[in-house]
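# Examining the three-dimensional arrangement
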Amino acid sequence: MSDQKQQKRERKHILDLEKYVDKKLRVKFSGGREVVGVLQGYDPLSNLVLSDTIEFLRDPSDLSKITDKTRTLGLCVCRHVSIVMIAPEEGMTETENPFAVPDTDES
């Protein structure tokens, strides 16, 4: 009897992405790439489909920094294994790292 109840019980996803469908999301990937796009769909593994996707290009001299330059990607499928962060674009603000060591040039 308990096996039947377990099979009938619906599994819930860790991320509730339903409320973000048709809204802009910012997605960061392993390797440092960062995109913003409108969430069109997702699956239980958190693979994402984004439309009107724009990639923010990195600074060639310092790959850890994002520049103001962008590249239009359009429709994009984001694999869950490479996604590091998913955040709504609305209301997101970037803060400085409180643990960063300031550069001191001693000449």
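Per an unreviewed UniProt entry, the protein goes by the name Sm domain-containing protein and belongs to Salpingoeca rosetta. Regarding the protein, the UniProt comment filed under Subcellular location (unreviewed entry) reads as follows: "Nucleus". Note on the protein: under the UniProt heading Sequence similarities (unreviewed entry), the record states "Belongs to the snRNP Sm proteins family."

### Points about the layout of surface pockets
In this structure, the largest pocket spans a volume of roughly 350 Å³. As for the largest pocket, its lining consists of 15 residues, and the residues nearest its centre are R26, K28, E34, I66 and E94. Mapped by element, the contributors of at least two residues to the lining of the largest pocket are β1 (24–29) and β4 (62–78). No other element matches β4, which puts four residues into the lining of the largest pocket. Of the residues belonging to the lining of the largest pocket, the class tally is four nonpolar, three polar and eight charged. Volume-wise, the second largest pocket comes out at about 200 Å³.

### Description of the pattern of salt bridges
Two side chains bearing opposite charge may form a pair once their charged atoms approach each other closely. By the definition in use, this model includes six salt bridges. Taking the shortest distance from any N to any O, the salt bridge between R71 and E55 comes out at 2.4 Å. Of this pair, R71 sits in strand β4 while E55 is found in strand β3 (residues 48–59), placing the two residues 16 residues apart along the sequence. Overall, R71 belongs to the partly exposed group, its relative accessible area being 39%. When its relative accessible area of 5% is taken as the criterion, E55 is described as buried. The salt bridge involving D62 is made with K65; its shortest N-O contact spans 3.8 Å. Residue classification places D62 among the partly exposed positions, given a relative accessible area of 28%.

### Comments concerning the sheet that holds β3
Here five strands make up an open sheet; going across it, the order is β4-β3-β2-β1-β5 and the pairing antiparallel. A single partner strand is all that each edge strand has here, and the edge strands are β4 and β5 (83–88). Put simply, the sheet's adjacent strands are angled 30° from each other on average, direction ignored. Of the pairings in the sheet, the one linking β1 to β5 comprises five bridges and is antiparallel in character. Residue pairing for β5: R26 is matched across the bridge by A87.

What counts, and where the lines are drawn
- Residues numbered from 1 in each chain as written.
- Predicted model: local features only at pLDDT ≥ 70, side-chain atom pairs only at ≥ 80, totals over all residues.
- Heavy atoms only, no water.
- UniProt positions renumbered as here; feature names shortened; annotations may be inferred.
- 1 Å grid on protein atoms, 1.4 Å probe; cavity = no way out; pocket = protein on both sides within 12 Å on 5 of 7 lines; lining within 4 Å.
- Points joined across faces, edges and corners; volume = space filled by probe spheres on them.
- Helix = DSSP H or I, 4+ residues; strand = E, 2+ residues; numbered from the N terminus.
- Nonpolar A, V, L, I, M, F, W, Y, C, P; charged D, E, K, R; others polar.
- Salt bridge = Lys/Arg side-chain N within 4 Å of Asp/Glu carboxyl O.
- Buried < 20%, exposed > 50% of the residue type's maximum accessible area, 1.4 Å probe, protein only.
- Pairing = 2+ DSSP bridges.
- Axes fitted to C-alpha atoms, helices over the stretch in contact; angles between N-to-C directions.

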